[in-house]
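Analysis of the macromolecular model
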Amino acid sequence: MSPNPLFESLFSNSSSTDSQRNAESPASPGSLVSGAADKRWPRFTSVFWRACCVGCFVALLLYPTVMFLSEVNSNSDIGFRGEFGNETSIIDAASWSLRTSYHFRPEKNWMNDPNGPVFYKGFYHFFYQYNPYGAAWGDIVWGHAVSRDMIQWVHLDIALVPDKWYDVQGVWSGSITVGDDGIPIILYTGSSYSAEQTQNIAYPEDPSDPLLRKWVKDHENPVLRHPRGIDFKDFRDPTTAWKDADGYWLMTVGAKMEKTGLALLYKSVDLKHWELQNNVLHAVLGTGMWECVDFYPVPVQGHHGLDTYIAAPTMKYVLKASLDDDKHDYYALGSYDTVKKTFHPDDTARDTGIGLRYDYGKFYASKSFFDPEKQRRILWGWVNESDSLVADIAKGWASVQAIPRSVWFDSKTMSNLIQEPIEEVKTLRGTRVTQRDVKLAPGDVVEVTGAVGGQLDIELVFDYPYMTNPAQYAQNRDHYDCNQGGAAYRGVFGPFGLLVLADEYLQEQTAVFFYVSYSRYHNKWTTKFCSDQTRYINTHSQILSPLDCSFSSRSL
């Protein structure tokens, strides 16, 4: 079935036609730069430095919001057609202006985990946990949207609803696996009347439909129930299945035994009938319940993705778990034993749940997928924001998804992953606004003109300081923590960075900053990338505005 003209027009390859700007400003050590203001609304972008870096450059790329404030009257309402019904919803202009415009989100109500991202017949499909009835968690279904580029999205009808005994309390998280016949299959967790967590299957009603608009649940559901020794409430979130070297399909389901988090392992010949294996893929003491487990290979060289699960020296494996106890995503790098079907971390001190994290901000329940169109690994993650339930209900929506990221192995450090926003995000960039030869003194707060907006892409590049004997500056600051006084903490080489979402007098501001220290133990520079939101809340709405930031360390 060919997509209709609506989808052809919305998913063209043209870039945004909105007026967009960006700025680039050279900076000297020890200074701060700040952005312009609108008297009625908070000033949005500022940049600051602390005397610590040499040869620093700042680039600000301005993206407009869905609707500029100047285009609507602050007392007016905005109407749009109901996304999952025929009613027209009314949202006040101030609430609309606070919405993100290039982070994925439904137009209204609650959203959480990303589910089953997949590329199929020319479209990127994105499914997500969604409450169609309100801005709080509950009544969970699978929302569904499609895109040509993961930037412009069209929302489709709900894919899965809780209409069977085994999922009547919610169609919870899961994954999509493309079978040998090229047809995608949904594996998902259902919550029954008794709150038992079961694993279930759904198929596309019409596999020839590139939009996958209708799904049918298998009549043999549930295909899996909790095994002996696992509590019926601790058995959820099946992974994307993979074809192993022996020709069998394998899949993991997150679970726990007492305080040990683990990835149960199942084997199948047809993606429908699953057999629990005697061993687990992996387990880590003291990590608690593992949610949304993800397991995938990465090449040790290059930025491309892989979808082949073999044991080879040219590959590493990533095992990620979302810890229910602290709501953070942890991953470990290691090897995969294709005979014993087990994961082995390279460093047990940095094992899943106790070592590396994808993101040190609000980023949870992440899900990756292999993009066959561009041969890359893409990572999605849920940003649950910081607003209260009262604020969410008032504004009519809750949560966004982080910008999808390309993920690859860091061949320089050999000990972590590198993440960058997908290349398609660059299509949103407009004409660059440049400021040069700016003289900045230590402690300065200097305005960057031409950088006003609610949606900005800011690139910050700095060089590590050159010191003949850097260890003399280490002192006791090797173990600086982002919670160690926030942006107010002062050290030899930090903090320095950005002030964003700032008002005219800097009484309201959010600091996004770096702190550089020299580790005597590791004999190298280390960088902390932090944010301090203690001085920001939108006075017009009392709504917190989280930031989506990433940090990539280049060759030093």
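Residues numbered from 1 in each chain as written. Predicted model: local features only at pLDDT ≥ 70, side-chain atom pairs only at ≥ 80, totals over all residues. Heavy atoms only, no water.

The protein is annotated in an unreviewed UniProt entry as Glycosyl hydrolase family 32 N-terminal domain-containing protein of Ceratodon purpureus. Per its UniProt entry, the protein bears the Sequence similarities (unreviewed entry) comment "Belongs to the glycosyl hydrolase 32 family." (UniProt positions renumbered as here; feature names shortened; annotations may be inferred.)

This part is about the overall build of the protein. The helix and strand inventory of the protein stands at 3 helices and 37 strands. For the protein, with 556 residues in total, the buried portion stands at 55%. Residue pairs at least 24 apart in sequence account for 59% of intrachain contacts in the protein once pairs closer than 6 positions are excluded. Accessible surface, the protein as shown: approximately 24200 Å² in total, 51% of it carbon and sulfur. (Helix = DSSP H or I, 4+ residues; strand = E, 2+ residues; numbered from the N terminus. Buried < 20%, exposed > 50% of the residue type's maximum accessible area, 1.4 Å probe, protein only. Contact = heavy atoms within 4.5 Å. Areas by Shrake-Rupley, 256 points an atom, 1.4 Å probe, with all protein chains shown as cover.)

As a further point, take the nonpolar core. Within the largest apolar cluster, 37 residues are counted, with the highest numbers of intra-cluster contacts made by Leu281, Phe295 and Leu417. Counting residues per element, this core draws most heavily on strand β22 (residues 315-323), which supplies 6 residues. Apart from the residues lying within four places of it in its own chain, the contact partners of Leu281 are Trp242, Thr252, Ala263, Leu265, Phe295, Leu319, Tyr336, Lys341, Thr342 and Phe343. In terms of nonpolar packing, the next biggest core, distinct from the first, is built from 20 residues, Phe119, Val141, Ile422 and Val425 among them. (Core = buried A, V, L, I, M, F, W, Y, C linked by side-chain atoms within 4.5 Å.)

What follows concerns the sheet that holds strand β7 (residues 109-120). Here 5 strands make up an open sheet; going across it, the order is β10-β9-β8-β7-β28 and the pairing mixed. Each edge of the open sheet is held by one strand with a lone partner, namely β10 (153-155) and β28 (397-398). (Pairing = 2+ DSSP bridges.)

Moving on: the sheet that holds strand β14 (residues 215-217). One open sheet accounts for 4 strands, arranged β11-β12-β13-β14; its pairing is antiparallel. Every other strand in the sheet has two partners, leaving β11 (171-178) and β14 as the edge strands with one partner each. Across the sheet, the mean angle separating the axes of adjacent strands is 30° when strand polarity is ignored. In this structure, strand β12 (residues 184-191) lies alongside strand β13 (residues 197-204), joined through 6 bridges in antiparallel fashion. Paired with Tyr188 across the strands is Asn200, a residue of β13. (Axes fitted to C-alpha atoms, helices over the stretch in contact; angles between N-to-C directions.)

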